[in-house]
Amino acid sequence: MDPSKQETNQKKASKTMAKKETQEFQFVVYNTMTQQKEVFKPKTPGKVRMYVCGVTAYDFSHLGHARAAVSFDVLYRYLEHLGYEVTYVRNFTDVDDKIIRRANETGEDPISLSDRYCKEYNIDMSDLQCLSPTHEPRVSDHMEQIKDMITQIINKDFGYVVDGDVFFAVDKFPNYGKLSGQKLENNRAGERVAVDSRKRNPSDFALWKAAKPGEPSWDSPWGPGRPGWHIECSAMSAHYLSFKFDIHGGGLDLIFPHHENEIAQSCAACEESDVSYWMHNGHVTNNNEKMSKSLGNFFTIRQITERYHPLALRYFLINAHYRSPLNYSVVQLEGASDAVFYIYQTLKDCQDALLQLQEEMPNDGKPARISLDAKECISKLRNEFQVKMADDLSTSLILTGAFLEALKLVNNLLTMLKKKQQKQQRLLVIQSLKEIEKEVTKILDVLGLQPPCSYNEVLLQLKEKALTRAGLVEDDVVRLINERAEVRRNKDFLKSDQMRAHLQAKGIALMDVGTETIWRPCVPVQQESGIVPSEG
């Protein structure tokens with residue numbers, strides 16, 4: 001091609017890319033209340049107030065809890081990326097029937113038992129790189145706020161007292177069911193709701209439960225007792241965020257009755273109560289059945305992270321849209337582990353190369369000159385990230401397409417650096433590498449996939465997990481590599497291939513690089529329908 005025409009085409013391409021990058025993207029979220037996507041507009045410009053229902057802390061948290069936490073952590077990170085000042089509240093339920101039952105079984109104080117599991121939950125969240133919320137209130141620390149709200153509800157004739165119990169009168173609230181579409185009679189005997197003949201309506205639910213022997217209790221105007229499940233979130237969200245806030249989140253299973261009852265309580269206490277967007281993450285399933293403790297088909301986060309790196313688990317969780325069902329499978333976890341290893345290996349290689357080439361980089365403060373391929377790559381990467389994240393957090397589509405193309409280009413540029421080049425061309429390659437790496441790490445940071453340690457450290461951790469799954473230690477692999485080297489020297493290539501295949505079936509890939517053989521984790525070629533070992 002004529003050089004002048006080529007230059008003209010490059011200028012046109014640059015203008016097109018610049019135009020794309022100046023496009024404004026509106027963030028839309030799916031609102032469960034309206035059952036449609038809506039443009040996100042906070043009540044106060046520049047500020048977002050968000051409440052997410054946390055866990056009932058009486059055991060180690062399972063994969064379903066991890067999905068909810070990671071889903072809303074991505075939302076939290078993205079809102080901050082957009083420049084919002086976010087107040088994020090996620091509660092702990094530390095007063096509940098399940099906690100009391102578990103404490104009675106173990107002979108522990110219920111509050112102490114729950115405190116222990118709150119701490120264990122936060123360890124899991126740290127491993128999964130979930131940012132700490134602004135506030136993490138516990139029910140036991142907010143009894144005054146809960147009692148005050150119940151008093152408001154009674155004073156406005158939405159609640160009534162029977163023998164020290166306080167119930168919410170759902171027939172007094174005409175909009176009951178507007179979130180879920182459920183009818184009143186469906187609230188009779190659901191999760192944590194017992195049928196009680198003392199209720200005026202079988203659908204009425206408990207705001208306060210009268211004390212029973214051997215249970216923790218607090219004094220109240222209606223006698224000693226403890227709060228019902230639903231009132232805690234209404235009281236704590238109002239305390240930290242007011243009755244009007246932007247986002248209320250939680251798992252799909254909380255829509256009814258929990259969130260439905262929250263709406264009724266909050267509106268009864270304050271008729272101006274209003275949440276702009278109700279957001280819910282989908283279930284995690286096991287063999288297409290909802291994973292839950294009550295069904296006994298769950299895996300704890302710890303059981304999984306004993307065998308898979310927490311960042312591989314996080315990748316697995318965001319590799320599906322947060323609202324869609326996510327079916328647990330070892331095959332998908334293996335694929336997630338392989339994907340994050342490739343990402344971090346590419347970035348490590350890039351980082352190592354840039355460190356070695358620091359002296360060749362100009363330090364004149366001028367914008368970096370990069371290749372047209374790199375410009376197109378970065379433009380496409382930014383555009384895809386903006387479009388997909390702005391469309392109700394479509395994270396499942398981000399780590400494919402332009403993102404993988406960027407990693408591929410990084411590897412191609414690293415290969416080019418090994419060849420002889422003119423100084424200007426070499427500088428173009430170096431600066432292109434630097435700019436692409438910068439863009440990739442920005443995306444990883446928003447997704448919570450940027451490791452807290454060096455790439456080298458996380459790669460070693462991923463290899464250690466692969467050895468655990470294979471039932472091997474590093475010395476075993478080194479020994480097998482040495483044995484295979486001897487077999488190859490004897491030209492027994494059939495046996496050499498068999499030895500390689502044997503390790504590959506265990507998730508260990510051997511790669512012959514010149515005269516040296518190295519190994520890295522891989523997806524086992526013969527994948528069994530593996531099950532994570534049960535706890536203990």
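Residues numbered from 1 in each chain as written. Predicted model: local features only at pLDDT ≥ 70, side-chain atom pairs only at ≥ 80, totals over all residues. Heavy atoms only, no water.

An unreviewed UniProt entry lists the protein chain under the name cysteine--tRNA ligase, with Gossypium australe as the source organism. Under the UniProt heading Sequence similarities (unreviewed entry), the entry covering the protein chain gives this text: "Belongs to the class-I aminoacyl-tRNA synthetase family." We quote the UniProt Cofactor (unreviewed entry) comment for the protein chain here in full: "Zn(2+)". (UniProt positions renumbered as here; feature names shortened; annotations may be inferred.)

## A look at the overall build of the protein chain
Counting its secondary structure elements, the protein chain contains 16 helices and 15 strands. Reported as C-alpha extents along the three principal axes, the dimensions of the protein chain are approximately 85 × 60 × 35 Å. Expressed as a percentage of its 536 residues, the buried residues of the protein chain come to 51%. Nonlocal contacts in the protein chain, meaning residues at least 24 apart in sequence, comprise 76% of its contacts between residues at least 6 apart. Counting every atom, the protein chain has about 25,500 Å² of accessible surface; 48% of that belongs to carbon and sulfur. (Helix = DSSP H or I, 4+ residues; strand = E, 2+ residues; numbered from the N terminus. Buried < 20%, exposed > 50% of the residue type's maximum accessible area, 1.4 Å probe, protein only. Contact = heavy atoms within 4.5 Å. Areas by Shrake-Rupley, 256 points an atom, 1.4 Å probe, with all protein chains shown as cover.)

## Focus on the environment of Ala-211
Relative to the helices and strands, Ala-211 is located in the loop between strand 7 (205-210) and strand 8 (225-227). Taking the C-alpha atoms as reference points, Ala-211 and Ser-394, 183 residues apart in sequence, are found 47 Å from one another.

## Here we look at the pattern of salt bridges
Taken as a whole and judged by the stated rule, the model has 35 salt bridges. Across the pair Arg-102 and Glu-105 runs a salt bridge whose closest N-O atoms are separated by 3.6 Å. Placement of both Arg-102 and Glu-105 in helix 3 (residues 97-106) is noted, with a separation of 3 residues, approximately one turn of the helix. With a relative accessible area of 22%, Arg-102 lands in the partly exposed category. One salt bridge in this structure joins Arg-520 and Asp-338, with 2.6 Å as the shortest N-O distance. Taken together, the residues span a long stretch of sequence, with Arg-520 in strand 15 (residues 516-521) and Asp-338 in helix 10 (residues 330-356) at a distance of 182 residues. Salt bridges here are not isolated pairs; linked through shared partners, they connect Asp-97, Lys-209, Glu-215 and Arg-226. (Salt bridge = Lys/Arg side-chain N within 4 Å of Asp/Glu carboxyl O.)

## Focus on helix 3
Buried residues of helix 3: Ile-99, Ile-100 and Ala-103, and no others. Buried residues in helix 3, looked at end-on, bunch into an arc of 100°, giving them a common side. More than 90 degrees from the buried face of helix 3, the exposed residues found are Asn-104 and Glu-105. The inward-facing, buried residues of helix 3 contact helix 4 (110-127) and strand 8. Immediately beyond the C-terminal end of helix 3, within one or two residues, lies Gly-107, with a positive phi of roughly 75°. (Arc of directions from axis to C-beta.)

## Observations concerning the domain arrangement of the protein chain
Under the domain assignment used here, the protein chain contains domain 1 (45-306), domain 2 (344-455) and domain 3 (471-521). Put simply, the middle of domain 2 and the middle of domain 3, counted by C-alpha atoms, are 32 Å apart. (Domains from an automatic or database assignment.)

## As for the state of the cysteines
Applying the stated criterion to the full structure yields 0 disulfides. Unpaired in this structure, Cys-130 has its nearest cysteine sulfur neighbour in Cys-118, at a distance of 16 Å. (Disulfide = S-S within 2.5 Å.)

## Re empty space enclosed by the protein
Applying the stated rule across the entire model yields 1 cavity of 30 Å³ or more. Looking at the largest cavity, the residues that line it are Val-70, Ser-71, Val-74, Leu-317, Ile-318, Ala-320, Tyr-322, Leu-393 and Thr-395. When contributions to the lining of the largest cavity are tallied by element, the ones reaching two or more residues are helix 2 (63-81) and helix 9 (310-318). For the lining of the largest cavity, the leading source of residues is helix 2, giving 3 residues. Classifying every residue of the lining of the largest cavity gives 7 nonpolar, 2 polar and no charged. (1 Å grid on protein atoms, 1.4 Å probe; cavity = no way out; pocket = protein on both sides within 12 Å on 5 of 7 lines; lining within 4 Å. Points joined across faces, edges and corners; volume = space filled by probe spheres on them. Nonpolar A, V, L, I, M, F, W, Y, C, P; charged D, E, K, R; others polar.)

## A closer look at the nonpolar core
Leu-63, Tyr-344 and Ile-436 are the most contacted members of the largest nonpolar core, which totals 100 residues. Sorting elements by how many residues they give to this core places helix 10 first, with 12 residues. Split by domain, this core shows at least three residues from each of two domains, domain 1 (45-306) and domain 2 (344-455). Residues contacting Tyr-344, with those up to four places away along its chain left out, are Leu-311, Leu-449, Pro-451, Tyr-455, Val-458, Leu-459 and Leu-462. The next biggest cluster of nonpolar side chains, apart from the first, holds 40 residues, and it includes Cys-53, Ile-150, Ala-235 and Leu-254. (Core = buried A, V, L, I, M, F, W, Y, C linked by side-chain atoms within 4.5 Å.)

## Structural notes on unusual backbone geometry
Of note, the amide linkage connecting Phe-256 to Pro-257 takes the cis form, showing an omega dihedral of 5°. Tracing the backbone shows Pro-257 in helix 7 (residues 255-269). The phi dihedral of Gln-35 falls on the positive side, at around 55°, and the residue is not glycine. Residue placement: Gln-35 occurs in the loop between strand 1 (28-31) and strand 2 (36-39). By relative accessible area, Gln-35 is classed as exposed at 57%.

## Quick look at the packing of helix 5 (residues 143-155) against helix 7
In the contact formed by helix 5 and helix 7, the axes pass within 8 Å of each other and the chain directions differ by 75°. Considered as vectors, helix 5 and helix 7 are oriented roughly perpendicular to each other. Of the residues in helix 7, those in contact with Met-149, Gln-152 and Ile-153 of helix 5 are Gln-265, Ala-268 and Ala-269. Of the residues in the contact of helix 5 with helix 7, the class split is 4 nonpolar, 2 polar and no charged. (Axes fitted to C-alpha atoms, helices over the stretch in contact; angles between N-to-C directions. Parallel < 35°, antiparallel > 145°, perpendicular 65-115°, else oblique.)

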